[in-house]
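So the chains spell out like this:
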Amino acid sequence: RPIVWELLLFVLIFVVVMLVGGAILAAMGDVAFGPKFGDAFRRGLPDPDQPAEAWFYLGTFALFYLALIGAIVLAMLPHGARWQRALGLLPATWKWFVFGTIAVVILSQACDALLLPFLRDVMAIGGDELQIVLLIRALTASFPLAVGAVVVLAVLAPLAEEFFFRGLLYGWLRGFMPFWLTALITSVLFGLAHGEIAHAIAAGILGLALAYIRERSGSLWPPIAAHVVNNLIAVASVPLGM
């Protein structure tokens, strides 16, 4: 059963960690790269010819995801020894890992093929490419950056997002609501968290599949595995021109 105030505790911890971590990151960037270190954010995308800006983006993303995971774990500590169970960090059979991952990847590719062409003209930035594609291309402009992008976007991001959407939030809502309503709410919020309309709709659809896997497997690990593989394919496909 969820603790009523644990979401408020999560928000408080997350805000404090982000404020402290953000101040430290900004200070380090200013000392290492000068006062123009934040120009990337004012432009909206890092300059592909300025690796420091791409590293700044990756560092900021890493801070956000680590703060998210840390705040969730700390907020769940009132559950005592049951905090892992409360998040859904339980064993699952191999079938959910294998077939769940395959289903999510196929669904993701279907969304890209069927949905994005209808929205590309509306949401495109710089020719016919979506902002997320331009961002990944800038963050994988060199081999060291590509490795950093894989760690942050294909490992940390899925972990943090699953911990929150299918872990903390799903478990909290599921204590009060039926599955279909819990899945719908968490999937809509998951989609909205991805920004631009094309990406948000596709993410929302994937959120429904991930919620189904979470419910039927009884574990958060299969959605995490599927999410990691899907993000890894997405990150690798941009520099490889797939």
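Everything below is about the structure shown above.
Quantities reported herein were computed from a predicted structural model and do not represent experimental measurements.

## As for the overall build of the protein chain
Piece 1. Assigned secondary structure in the protein chain consists of eleven helices and zero strands.
Piece 2. The N-to-C order of helical and strand elements in the protein chain reads α-α-α-α-α-α-α-α-α-α-α.
Piece 3. The burial tally for the protein chain puts 43% of its 242 residues in the buried class.
Piece 4. Considering only contacts within the protein chain whose residues lie at least 6 apart along the sequence, 74% involve residues at least 24 apart.
Piece 5. Carbon together with sulfur atoms contributes 73% to the accessible area of the protein chain, which is approximately 12,300 Å² in total.

## A short note on a nonpolar patch on the surface
Piece 1. Residues Val11, Leu12, Val15, Val16, Leu19, Val20, Ile24 and Met28 make up a contiguous nonpolar surface patch of roughly 750 Å² in combined accessible area.
Piece 2. Mapped onto the elements of the fold, Val16 is located in helix α1 (residues 6-33).
Piece 3. Taking the relative accessible area as the measure of exposure, Val16 reaches 43% and is therefore partly exposed.

## Regarding the packing of helix α10 (residues 197-217) against helix α11 (residues 221-237)
Between two packed helices, what matters for the description is the angle formed by their axes and the separation of those axes.
Piece 1. Viewed as axis vectors pointing N to C, α10 and α11 meet at an angle of 150°, and their least axial separation amounts to 8 Å. Relative to α11, the element α10 lies roughly antiparallel. Residues Leu206, Leu210, Ile213, Arg214 and Ser217 of α10 pack against Pro222, Pro223, Ala226, His227 and Asn230 of α11.
Piece 2. Looking at the contact of α10 with α11 residue by residue, the class counts come to six nonpolar, three polar and one charged.

## Quick notes on the packing of aromatic side chains
Piece 1. Across all of its chains, the model carries nine aromatic pairs by this definition.
Piece 2. Relative to Phe14, the ring of Phe10 has its centre 5.8 Å away and its plane inclined at 20°; by these criteria the two rings are stacked. On the criterion of helical spacing, the pair formed by Phe10 and Phe14 is a turn pair, its members being four residues apart in helix α1.
Piece 3. The buried category is assigned to Phe10, whose relative accessible area is 7%.
Piece 4. In this structure Phe14 comes out as buried when scored by relative accessible area, which is 15%.
Piece 5. Plain terms: the ring middles of Tyr57 and Phe61 are 5.8 Å apart, the flat faces sit at 80° to each other, and that makes the pair edge-to-face. Separated by four residues within a single helix, Tyr57 and Phe61 lie in helix α3 (residues 51-76), roughly one turn from each other.
Piece 6. Tyr57 sits in the buried class, given a relative accessible area of 5%.
Piece 7. Ring-pair connections join several aromatic residues into one group, and the members of that group are Phe10, Phe14, Phe64, Tyr65, Phe164, Phe165 and Phe190.
Piece 8. Note that Arg166 overlies the ring of Phe190, its terminal NZ or CZ placed 4.3 Å from the centroid.

Criteria and thresholds
- Residues numbered from 1 in each chain as written.
- Predicted model: local features only at pLDDT ≥ 70, side-chain atom pairs only at ≥ 80, totals over all residues.
- Heavy atoms only, no water.
- Helix = DSSP H or I, 4+ residues; strand = E, 2+ residues; numbered from the N terminus.
- Buried < 20%, exposed > 50% of the residue type's maximum accessible area, 1.4 Å probe, protein only.
- Contact = heavy atoms within 4.5 Å.
- Areas by Shrake-Rupley, 256 points an atom, 1.4 Å probe, with all protein chains shown as cover.
- Patch = residues over 30% accessible without salt bridge, like charges linked within 9 Å, V, L, I, M, F, W, Y side chains within 5 Å.
- Salt bridge = Lys/Arg side-chain N within 4 Å of Asp/Glu carboxyl O.
- Axes fitted to C-alpha atoms, helices over the stretch in contact; angles between N-to-C directions.
- Parallel < 35°, antiparallel > 145°, perpendicular 65-115°, else oblique.
- Nonpolar A, V, L, I, M, F, W, Y, C, P; charged D, E, K, R; others polar.
- Phe/Tyr/Trp six-rings, centres within 6.5 Å; stacked < 30°, edge-to-face > 60°.
- Lys NZ or Arg CZ within 6 Å of the ring centre and 35° of its normal.

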